[in-house]
Amino acid sequence: MSIVQWLVLALVILVVAGAYWYIRRQGGGDPWRDMEEPADGAGHDEPASGDSYVVGVRTLNKETPADRKAAAEAARARQAEQASEQTPEADRTRAVRQPTAVRRRAVSRTTAVSTDDKPSQGETQVRSSEAEPPRGADSAEPNEPEQTTVTTEIPPAATERVEMVAPERSEHSQLFMLYVAAPEGQTFDGPDIHAALAKADLKFGLNDLYHRVTEVHGVTESVFCVANMLKPGTLDPVDQDQLSTPGLTLFLLVPAPIEGRPAMRDMMETANRIATALGGHVLDDNRALLKAQTAQYMLDQIAEIDRRARLGQRRR
């Protein structure tokens, strides 16, 4: 190091030492200046007492926290002894015997109530239950459950056979079918089926089936028919008690005795009424739920068949 560097270092040391000395001089003083001197006779060799954490610093109070706590406990003990001495002996005895006296009064009240002329609620309930005779005691024989039988009445006119003419087939004829099916795992009973068919104003007749008939041409003709889904398909009212089937089939042969579109709408509405009465579903010819698009497609097909049939008649 050069001489200049040594001089700068010495100057820094002097400045730091001077600042330290100045601070000690300004902040220094007699630490005992504001404190009282100990009483006469107290030796300097006696250890300092107090609650200060600095060793050797004397405090004004020579009493420790432990001493103050012990003094407070002693004062409380003296107060408790004085209070117990002032309490009379008779009061303590009365306080101890008070629960016994209360229990004795409760017993006397219970006795007074039990000897009263008015019975308690519990006694009234017991007496009323004893006085009331058991149900069915007045009857010698037990009541038998009433047996109710539900009978489905079918109008006699609905089961009468109606003579009718079957629709004629032609080169333009096409068969359209709908199904009324029971829910999966269930079947329709015969009496319910015949009642629903009669309510739909269908007539029993040709081939032991139910038909929608018309007389527009002066004779009774079948527009569409309803058959059993199971072979042979007959729905004879005589055998309705033995009938149980998963569904019904509705047939419409187009061209029909009346215009095809109104006939098809009538068959759709009839199938819906039967399904509602029996709790079933209306299915299309593919045995899927009949949708509006499928129904409209079938109506369009029928309209086209009727159009071709009319054209063929004109050419003749």
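Treat the numbers as computed from the prediction; the structure is a model and nothing was measured.

Considerations on the packing of helix α6 (residues 190–199) against helix α7 (residues 260–278)
So, point 1. Where α6 meets α7, the axes come as close as 9 Å, and the angle between the chain directions of the two elements is 140°. The pairing of α6 with α7 is recorded here as oblique in orientation. Between α6 and α7 the crossing geometry is right-handed. When α6 is examined against α7, the residues Asp192, Ile193, Ala196 and Leu197 are found in contact with a partner set consisting of Ile274, Ala277 and Leu278.
So, point 2. Grouping the amino acids of the contact of α6 with α7 by side-chain chemistry returns six nonpolar, no polar and one charged.

So, the pairing of strand β4 (residues 210–214)
So, point 1. Burial of β4 is extensive: four of the five residues sit out of reach of the surface.
So, point 2. With two bridges connecting them, strand β3 (residues 203–204) and β4 associate as antiparallel partners. Bridging from a neighbouring strand, lysine 203 pairs with histidine 211 of β4.
So, point 3. Hairpin connection, β3 to β4: the antiparallel pair is bridged by five residues, and asparagine 207 has positive phi, about 60°.

Side note on the sheet that holds strand β7 (residues 247–254)
Pairing between the strands of a sheet is mediated by backbone hydrogen bonds and can be parallel or antiparallel.
So, point 1. Ordered by their spatial adjacency, six strands build an open sheet running β3-β4-β5-β7-β1-β8, and the pairing between neighbours is antiparallel. Either end of the sheet is taken by a strand with one partner, and the two such strands are β3 and β8 (281–283).
So, point 2. Sheet topology note: the strand β1 (residues 174–181)/β8 ladder contains three bridges and is antiparallel. In the sheet register, alanine 181 faces β8, and the bridge partner there is histidine 281.

Comments concerning the confidence of the model for the protein
So, point 1. Across the protein, the average pLDDT comes to 74, with 63% of residues at or above 70.
So, point 2. Throughout residues 136–142 the model reports pLDDT below 50, and contacts reaching past four residues in sequence, or to other chains, amount to zero contacts.
So, point 3. Confidence drops under pLDDT 50 across residues 148–152; counting only partners more than four residues distant or on other chains, this segment forms three contacts.

A word on the side chain of threonine 270
So, point 1. By secondary structure assignment, the location of threonine 270 is in helix α7.
So, point 2. Here threonine 270 falls in the buried class, since its relative accessible area comes to 0%.
So, point 3. Other than its neighbours up to four places away in sequence, threonine 270 contacts Ala200, Leu202, Arg212 and Phe224.

Structural notes on helix α8 (residues 292–315)
So, point 1. With 24 residues, α8 extends 35 Å from end C-alpha to end C-alpha; this agrees with the ideal 34 Å at 1.5 Å per step.
So, point 2. When α8 is considered as a whole, its buried residues turn out to be Ala295, Met298, Leu299, Ile302, Ile305, Asp306 and Ala309.
So, point 3. Residues of α8 that are buried in the fold lie against β1, β7 and α7.

Remarks on the nonpolar core
So, point 1. Residues Leu197, Leu252 and Met264 are the most contacted members of the largest nonpolar core, which totals 36 residues.
So, point 2. Listing elements by their share of this core, those giving two or more residues are β1, α6, β5 (221–228), β7, α7 and α8.
So, point 3. Element by element, the count of residues in this core is highest for α7, at eight residues.
So, point 4. With near-sequence residues (within four places) excluded, leucine 197 lies in contact with Leu202, Tyr210, Val226, Leu235, Leu248 and Ile274.

A short note on the pattern of salt bridges
So, point 1. As enumerated under the stated definition, the model contains six salt bridges in all.
So, point 2. For aspartate 266, the salt bridge goes to arginine 212, with nearest N and O atoms at 3.0 Å. Placement of the pair is aspartate 266 in helix α7 and arginine 212 in strand β4, with a sequence separation of 54 residues.
So, point 3. On the accessibility criterion, aspartate 266 (22% relative accessible area) is partly exposed.
So, point 4. Overlapping salt bridges bring together Glu304, Arg307 and Arg308 as one network.

Quick notes on the rules
The numbering scheme is per chain: residues are counted from 1 as the chain's sequence reads. This being a predicted model, a pLDDT of at least 70 is required before a residue's local features are given, and a value of 80 or more before pairs of side-chain atoms are given or counted; all residues contribute to the totals for chains, interfaces and linings. The side-chain values count all of the structure's non-hydrogen atoms but skip hydrogen atoms and water molecules. Angles shown run from 0 to 180 degrees and are taken between the N-to-C directions of axes, each axis being a line fitted to C-alpha atoms and, for helices, limited to the stretch in contact. Each helix corresponds to a stretch of at least 4 residues labelled H or I by DSSP, and each strand to a stretch of at least 2 residues labelled E; elements are numbered beginning at the N terminus. When an angle is under 35 degrees it counts as roughly parallel; over 145 it counts as roughly antiparallel; between 65 and 115 it counts as roughly perpendicular; any other value is oblique. For any pair of crossing helices, the crossing counts as left-handed if the nearer helix is rotated counterclockwise from the farther one by less than a right angle, and right-handed if it is rotated clockwise. Residue contacts follow a heavy-atom distance rule, with two residues in contact if any of their heavy atoms lie within 4.5 Å. Any residue that is not Ala, Val, Leu, Ile, Met, Phe, Trp, Tyr, Cys, Pro, Asp, Glu, Lys or Arg is counted as polar, Gly included; the first ten are nonpolar and the last four charged. Between buried and exposed lies partly exposed: a residue is buried under 20% and exposed over 50% of the maximum accessible area for its type, with that area taken using a 1.4 Å probe on protein chains only. For two strands to pair, DSSP has to find at least two bridges joining them. A residue's pLDDT is simply how confident the predictor is in it, with values from 0 to 100. Multiplying 1.5 Å by the helix residue count minus one yields the expected span of that helix. For this analysis, a nonpolar core means a set of buried residues of the types Ala, Val, Leu, Ile, Met, Phe, Trp, Tyr and Cys, connected via side-chain atoms within 4.5 Å. The term salt bridge refers to a side-chain nitrogen of Lys or Arg lying within 4 Å of a carboxyl oxygen of Asp or Glu.

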